[in-house]
Amino acid sequence: MRTVFLGTPEFAVAPLARLCSLSLTEVVAVVTNLDKPAGRKMILTPPPVKIFAQSKGIPVYQYKSIRKEGVEDMRKLRPDLMITCAFGQILSEEILDIPPLGVYNIHGSLLPKYRGASPVQHAVLCGDKVTGITIMKTDVGVDTGDILFSESIGIGDDETSGDVFAKLSALGADCIEKAVRLIAAGNVSLTPQDDSAATHTGMISKADAFIDFTDGAELIVNKVRAFNPSPVAFTLLSGQPFKIYRALKAEGKGACGEIISVDGGITVACKDGAVRLLSVQKAGGKVMDGAEFLRGNKIPAGTVLGK
RNA sequence: CGCGGGGUAGAGCAGUUUGGUAGCUCGUCGGGCUCAUAACCCGGAGGUCAGGAGGUUCAAAUCCCCUCCCCGCAA
């Protein structure tokens, strides 16, 4: 099957790699977002999917808007099948109609839960114990298409979004292989989503990652997990950004945001107890564990975070 | 040239303003105490202070110049 893959970030690389390794699918082109300026020097950086595709010698197409600029290119490719995975753009009817076998999407949640841009982060943020991959037919809505199947996976108590992303990316590869075999065999049975059970997730912003110590310990720990590796939960220490990479619930009482213990680690009081900061970073500094940080930064107990 | 912090012992930092014997916490090694210990006490090792046979000076971690690297913000 002539297959066109549309995806952008690291998450999409494993599924793409799987499709490339199958004899069933011939990946004739990869579509991805434009290279973006990144980092302090604003160096133009190609998306991970592009880097992978080029290493395999697969033609890469990049559009600001595939709907406006890419329709003719897609038609010329004469794909039998198109696969989307964290592509970052919404396809038009015009494009969806091109491949005779249809367009399928790899989504990082158990739909209809967590439609949208940040399903993985929200699953972690909400403290879910289970999430998964859904393979669904792509339609003009945002993750609203009919479901081919889904597979679930557990979320460990101490796992971050980064950890879950890695697991789901691998699962996504397995799922898309399975899906492609079903499609090739003509064995496709779709189930519409229950829209009444749907939840939607938007883009994660830096402001979402600000820790409010008047929240409960569990929510704070979940925020820390959900926003690692990006954008990373943070608070303020003496008015400067103070990032928190890892934290655990702990025993203790005190005013919200107050550091109540600096004995071998940093323990901060919150609404219903305390959290222990296991991995932190101050502005301009490196990431280090709590005890290490305290060795060189004399933080008196009683210091209040968040201002 | 987007803004800013930083590079000093294995780790994290102070010392730089006001040049003048290289310091702190931890780790490490040795010894002691203890039923015992990640606890406590005593002692030791470990640093060409990012680099430049640079500049100034009697004297530079510190002041001036150049280069490299790390990080926060912004995007």
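In the block above lies the structure referred to throughout.
No experiment lies behind these values; they were computed from the predicted model shown. (Residues numbered from 1 in each chain as written. Chains lettered and ligands numbered in written order. Predicted model: local features only at pLDDT ≥ 70, side-chain atom pairs only at ≥ 80, totals over all residues. Heavy atoms only, no water.)

**Points about the side chain of threonine 32**
Relative to the assigned elements, threonine 32 resides in strand E2 (residues 26-32). Here the side chain of threonine 32 touches glycine 7 through a polar contact of 2.9 Å, landing on its backbone oxygen. Not counting chain neighbours up to four residues away, the residues in contact with threonine 32 comprise Gly7, Thr8, Pro47, Val49, Lys50, Val60, Tyr61, Gln62, Tyr63 and Phe87. (Helix = DSSP H or I, 4+ residues; strand = E, 2+ residues; numbered from the N terminus. Polar contact = N/O pair within 3.5 Å; in protein donor to acceptor, adjacent residues only side chain to side chain. Contact = heavy atoms within 4.5 Å.)

**Some thoughts on the sheet that holds strand E1 (residues 2-7)**
Pairing in this open sheet of seven strands is mixed, and the strands run E5-E2-E1-E6-E7-E9-E10 from one edge to the other. Looking at strand neighbours, the two that pair on one side only are strand E5 (60-62) and strand E10 (147-154), the edges of this open sheet. The sheet shows a mean angle of 20° between the axes of neighbouring strands, direction not considered. Looking at chain direction, strand E7 (residues 103-107) and strand E9 (residues 130-137) are connected through four bridges and run antiparallel. Across the sheet, the residue bridging to tyrosine 104 is lysine 137, located in E9. On top of the sheet, helix H1 (residues 13-21) reaches E1, E2, strand E6 (81-85) and E7; it is set at about 160° to E2, its chief contact. (Pairing = 2+ DSSP bridges. Axes fitted to C-alpha atoms, helices over the stretch in contact; angles between N-to-C directions.)

**Some details on the protein's contact with RNA strand B**
Contacts to RNA strand B come from 18 residues, most closely from Arg40, Lys206, Gly285, Glu292 and Gly296. Near-protein atoms of RNA strand B (within 4 Å) split between backbone and bases, with sugar and phosphate holding 58%. Between RNA strand B and the protein, one listed contact pairs a base nitrogen with a side-chain N or O atom of arginine 40 at 2.6 Å. In this structure, a base nitrogen belonging to RNA strand B sits 3.2 Å away from a main-chain N or O atom of arginine 295. Looking at the surface near RNA strand B, the elements that each hand over two or more residues are strand E13 (240-250) and helix H9 (290-296). Counted by class, the surface near RNA strand B contains six nonpolar, five polar and seven charged residues. (Near = heavy atom within 4 Å. Nonpolar A, V, L, I, M, F, W, Y, C, P; charged D, E, K, R; others polar.)

**Observations regarding H1**
The complete set of buried residues in H1 reads Val13, Pro15, Leu16 and Leu19. The arc that holds the buried residues of H1, viewed along the axis, is 165°, so those residues lie on one side. Where H1 is buried, its residues contact E1, E2, helix H2 (48-55), E6, E7 and helix H7 (161-184). (Buried < 20%, exposed > 50% of the residue type's maximum accessible area, 1.4 Å probe, protein only. Arc of directions from axis to C-beta.)

**Here we look at the side chain of threonine 3**
Counting through the fold element by element, threonine 3 comes out in strand E1. Those residues in contact with threonine 3, other than ones at most four positions away along the chain, are Thr25, Glu26, Val27, Val28, Ala29, Leu81 and Ile83.

**Here's the deal with the packing of aromatic side chains**
Counted under the stated rule, the structure contains four aromatic pairs. Relative to tyrosine 63, the ring of tyrosine 61 lies with its centre 6.5 Å away and its plane at 25°, an arrangement referred to as stacked. For tyrosine 61, a relative accessible area of 24% corresponds to the partly exposed category. Classification of tyrosine 63 as buried rests on a relative accessible area of 5%. Between lysine 206 and the ring centre of phenylalanine 234, over which it is positioned, the NZ or CZ distance is 5.1 Å. (Phe/Tyr/Trp six-rings, centres within 6.5 Å; stacked < 30°, edge-to-face > 60°. Lys NZ or Arg CZ within 6 Å of the ring centre and 35° of its normal.)

**Regarding the environment of alanine 283**
You can see alanine 283 is positioned in the loop between strand E16 (273-282) and strand E17 (288-289). Ignoring sequence-local partners within four residues, the contact set of alanine 283 consists of Gln240 and Pro241.

**Description of unusual backbone geometry**
Here the residue pair leucine 111 and proline 112 is connected by a cis peptide bond, since its omega of 15° sits within 30 degrees of zero. Position of proline 112 relative to the elements: it lies in the loop between E7 and strand E8 (115-116). The amide bond that connects serine 230 to the next residue, proline 231, takes the cis arrangement and shows omega of 0°. Its identity is not glycine, yet methionine 42 carries a phi of approximately 55°, on the positive side. You will see that tyrosine 114, though not glycine, has its phi angle at about 60°, which is positive. Turning to its location among the elements, tyrosine 114 is positioned in the loop between E7 and E8. In this structure tyrosine 114 comes out as buried when scored by relative accessible area, which is 7%.

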